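This is what each chain is made of:
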Amino acid sequence: MANYTFGFIGTGNMGSALAKAAVKNVSPAKIILSNRTAARAEALAAQLSCAAGDVRTAAAQSDYIILGVKPQMMAGLLEDLAPVLAQRGDPFVLVTMAAGLTMERIAAMAGGDYPVIRIMPNTPCAVGAGVVLYDANPHVTQEQLCFFTAAMAGAGLLDRLEERLIDAGSAMAGCGPAFLC
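Along each chain, residue indices are assigned from 1 in the same order as the chain's sequence is written. Only residues with pLDDT of at least 70 get local features here, since the model is predicted, and only at 80 or more are side-chain atom pairs given and counted; chain-wide, interface and lining totals rely on the full set of residues. As a rule here, side-chain values cover all heavy atoms of the structure and leave hydrogens and water aside.

**Focus: the pattern of salt bridges**
Move 1: Salt bridge criterion: a side-chain nitrogen from Lys or Arg within 4 Å of a carboxyl oxygen from Asp or Glu. In the structure shown here, the tally under the stated rule is six salt bridges.
Move 2: One salt bridge in this structure joins arginine 118 and glutamate 163, with 3.3 Å as the shortest N-O distance. Of this pair, arginine 118 sits in strand E6 (residues 116-121) while glutamate 163 sits in helix H7 (residues 163-180), and the two are 45 residues apart along the sequence.
Move 3: Judged by relative accessible area, arginine 118 falls into the buried class, the value being 2%.
Move 4: With a shortest N-O distance of 2.9 Å, arginine 118 and aspartate 167 are connected by a salt bridge. Taken together, the positions of arginine 118 in strand E6 and aspartate 167 in helix H7 put the pair 49 residues apart, joining distant regions of the chain.
Move 5: Linked through salt bridges whose partners overlap, the residues forming this network are Arg118, Glu163 and Asp167. Going along the chain from the N terminus, every DSSP run of H or I of four or more residues is numbered as a helix, and every run of E of two or more is numbered as a strand. Summary of the burial criterion: residues with accessible area below 20% of their type's maximum are buried, those above 50% are exposed, and those between are partly exposed, where the area comes from a 1.4 Å probe applied to protein chains only.

In structure tokens form, the structure reads like this:
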């Protein structure tokens, strides 16, 4: 696999589940974990043999910046990261799992016309049996998208769905497992 790095900003339930999925296909040395509560990221980093760092470090050093914060926190986070992203001279992809925020909105809040992948994972990703609905804006290259989906395959099934359908699709993928249980 290529030598890409992943920075997880937010190591709550879903961020942690996706980080655990990523280490199945990406070297832990290529993963940086950060969280508002540093101790949480440090504990997960120790468990997965990854690095822990602050959000600016994760944003500055990662090829894929996984934004695992709640939608109401996204504007503040991206406002803080905008100068870091603007200074980067190398390619990177923002990956958002924030419900209700489009790829266009994420790029605008980040202050640029950046490549964005929008994902909607479900809880079974924590055990590698999830469904991750995703779409990408036109700035994401085919190589970037292929690597991302291969890297995240440890979460379960990745299924591309037009962004306009992701909210409806995530209602089914999110509630379906609970309904069946």
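**Topic: the sheet that holds strand E5 (residues 93-96)**
Move 1: For two strands to count as paired, DSSP must find a minimum of two bridges between them. The eight strands lie next to each other as E3-E2-E1-E4-E5-E6-E7-E8, forming an open sheet whose pairing is mixed. The strands lining the two open edges of the sheet, one partner per strand, are strand E3 (51-52) and strand E8 (156-160).
Move 2: Across three bridges, the pairing between E5 and E6 is parallel. Residue pairing in the sheet places threonine 96 in a bridge with arginine 118 of E6.
Move 3: Any pair of residues with heavy atoms lying within 4.5 Å of one another is described as a contacting pair. Here, axes are lines fitted to C-alpha atoms. For helices the fit covers the stretch in contact, and angles between N-to-C directions go from 0 to 180 degrees. Across the sheet, helix H1 (residues 13-22) is in contact with strand E1 (6-9), strand E2 (31-34) and E6; its angle to E1 comes to roughly 165°.

**Points about the packing of aromatic side chains**
One pair of aromatic rings is described through two measures. These are the centre distance and the angle between the planes.
Move 1: Geometry of aromatic contacts follows a simple scheme: Phe, Tyr and Trp rings, the Trp one being its six-membered ring, pair when their centres are within 6.5 Å, and the pair is stacked under 30 degrees between planes, edge-to-face over 60, tilted otherwise. In the structure shown here, the tally under the stated rule is nine aromatic pairs.
Move 2: Between phenylalanine 6 and tyrosine 64, the aromatic rings sit 4.9 Å apart at their centres with planes inclined by 20°, giving stacked as the arrangement. In this pair, phenylalanine 6 is assigned in strand E1 and tyrosine 64 in strand E4 (residues 64-67), connecting sequence segments 58 residues apart.
Move 3: On the basis of relative accessible area, phenylalanine 6 is assigned to the buried category, the value being 0%.

**Looking at the pairing of E6**
Move 1: Burial within E6 is extensive, with six of its six residues counted as buried.
Move 2: Burial of E6 is two-sided: the residues Val116, Arg118 and Met120 facing one way and the residues Ile117, Ile119 and Pro121 facing the other way are all buried.
Move 3: The crossover handedness rule: strands pointing away from the viewer, path from first strand over the helix to second strand clockwise, crossover right-handed. Crossover E5 to E6 through helix H5 (residues 103-110) is right-handed.
Move 4: As paired strands, E6 and strand E7 (residues 130-136) are joined by five bridges and run antiparallel to one another. Residue pairing for E7: arginine 118 is matched across the bridge by aspartate 135.

**Description of H1**
Move 1: Of all the 10 residues making up H1, seven are buried; the element is thus mostly covered by neighbouring parts of the structure.
Move 2: When H1 is considered as a whole, its buried residues turn out to be Gly15, Ser16, Ala17, Leu18, Ala19, Ala21 and Ala22.
Move 3: Turning to H1, the residues buried within the fold contact E1, E2, helix H2 (38-48), E6 and helix H6 (142-151).

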